[in-house]
Amino acid sequence: GDWRSKNYALELLIQPLSPEQLVARNTAPAAQTPQQQQLLQPSDTLIAELKAADILLLTTPIYNFSVPGMLKAYIDQVCRPDRTFRYTEDGPDGLLSCLAYLVITSAGTPIDSEVDFATPYLRHVLGFMGIDEVTVIGCDGNWQDLDQRFQLALDQIDSLEL
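Please read all numbers here as calculations on a predicted model, not as lab measurements. (Residues numbered from 1 in each chain as written. Predicted model: local features only at pLDDT ≥ 70, side-chain atom pairs only at ≥ 80, totals over all residues. Heavy atoms only, no water.)

1. Topic: the overall build of the protein chain
Of the regular secondary structure elements, the protein chain holds seven helices and five strands. The order of helices and strands in the protein chain, counted from the N terminus, is α-α-α-α-β-α-β-β-β-α-β-α. Taking the principal axes of the C-alpha coordinates as reference, the protein chain spans close to 55 × 40 × 30 Å. Counting over 162 residues, the protein chain shows a buried share of 35%. For the protein chain, restricting intrachain contacts to residue pairs at least 6 apart in sequence, the fraction spanning at least 24 positions comes to 72%. Roughly 10,100 Å² of accessible area belongs to the protein chain as shown, and the carbon and sulfur atoms make up 55% of that amount. (Helix = DSSP H or I, 4+ residues; strand = E, 2+ residues; numbered from the N terminus. Buried < 20%, exposed > 50% of the residue type's maximum accessible area, 1.4 Å probe, protein only. Contact = heavy atoms within 4.5 Å. Areas by Shrake-Rupley, 256 points an atom, 1.4 Å probe, with all protein chains shown as cover.)

Printed below as a string of C-alpha cells:
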C-alpha cells in the first residue's frame, strides 16, 4: 500500500496504554491469557519493526515544551520489559541497537534549552532501550527566518553518513 494506508495502520496500532495492557505487559509471557496476548499484538508489531531497523528516524515538533501525545503513546507501546529493555543487578539494560536520528522542530522552544523537555526525554528513553547513538537535527527558533533555519536542518541531514 501507499504511505497513507501505512500511516492509517500505524494510527490504529498507536493508542495510549489501557489498564488491561499494563497488566498484560507485566505478566510473564507463559502466564498470559489469549486475551492478554491479543491486547499486546499492536505493541508486538511495533517492537518487531523497531528491532528489525538499522536506523530509527523520529521527526517531531515540540508541543508545550514536550513531545506530542502520539509520540508518547508510541514510546509507551515499544518501551516494554524483557522486549526492549530488562532489569539486571546493575540496573536497566537496553536491548535495542539501532542508530537514531531525531529531527525536532520548534517555533518557540529553543532545542536543548532549560525549557526543552522533549529532547532530553527522547535521548533518555531511547538510551534506556539501548539506542545510545542519537543525533539531533534541530529546526528551532521563532517564525522569522524560517526558510533559512529549514535549509540549515536540510544541510545537516544531507551531511549524515547513512
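2. Notes on the nonpolar core
Residues Leu56, Tyr74 and Leu126 are the most contacted members of the largest nonpolar core, which totals 30 residues. Discounting residues that sit within four places of it in the chain, Leu56 has contacts with Leu50, Cys98, Leu99, Ala100, Tyr101, Leu126 and Ile131. (Core = buried A, V, L, I, M, F, W, Y, C linked by side-chain atoms within 4.5 Å.)

3. Some points on helix α4 (residues 41–52)
The end-to-end C-alpha separation of α4 is 17 Å, in line with the 16 Å expected for twelve residues at 1.5 Å each. For α4, the set of buried residues is Ser43, Leu46, Ile47 and Leu50. Buried residues of α4, seen end-on, are gathered within an arc of 100 degrees and therefore sit on one face of the element. (Expected span 1.5 Å × (residues − 1). Arc of directions from axis to C-beta.)

4. Comments concerning the pattern of salt bridges
Going through the model one piece at a time under the given rule, you end up with five salt bridges. When the shortest N-O distance is used, the salt bridge between Arg83 and Asp44 registers 2.6 Å. Note that Arg83 is positioned in the loop between α5 (69–78) and β2 (85–88) and Asp44 in helix α4, a separation of 39 residues in sequence. Across the pair Arg123 and Asp112 runs a salt bridge, and its minimum N-O distance is 2.8 Å. Taken together, the residues Arg123 in helix α6 (residues 118–128) and Asp112 in the loop between β4 (99–105) and α6 connect sequence positions eleven residues apart. The exposure class assigned to Arg123 is partly exposed, which follows from its relative accessible area of 34%. A single salt-bridge network, built from bridges that share partners, covers Asp44, Arg80 and Arg83. (Salt bridge = Lys/Arg side-chain N within 4 Å of Asp/Glu carboxyl O.)

5. Considerations on the packing of aromatic side chains
Enumeration over the complete set of coordinates arrives at three aromatic pairs. Judged by centre distance (5.4 Å) and plane angle (80 degrees), the ring pair of Phe85 and Tyr87 falls under edge-to-face. Ring geometry for Phe85 versus Phe128: centroids 4.6 Å apart, planes at 50 degrees, classification tilted. In this pair, Phe85 sits in strand β2 while Phe128 sits in helix α6, placing the two residues 43 residues apart along the sequence. On the accessibility criterion, Phe85 (5% relative accessible area) is buried. Grouped by ring-pair contacts, the aromatic residues Phe85, Tyr87 and Phe128 constitute a single cluster. (Phe/Tyr/Trp six-rings, centres within 6.5 Å; stacked < 30°, edge-to-face > 60°.)

6. Describing the sheet that holds strand β1 (residues 55–61)
Within the open sheet, the three strands sit side by side as β1-β4-β5. Their pairing is parallel. With one partner strand each, in any of the chains shown, β1 and β5 (134–139) form the two edges of the open sheet. Pairwise comparison of adjacent strand axes, ignoring direction, gives a mean angle of 15 degrees for this sheet. (Pairing = 2+ DSSP bridges. Axes fitted to C-alpha atoms, helices over the stretch in contact; angles between N-to-C directions.)

7. A closer look at the pairing of β2
Looking at chain direction, β2 and strand β3 (residues 91–94) are connected through four bridges and run antiparallel. Along β3, the bridge assignment pairs Tyr87 with Pro92. The turn joining β2 and β3, which pair antiparallel and follow one another in sequence, is formed by two residues.

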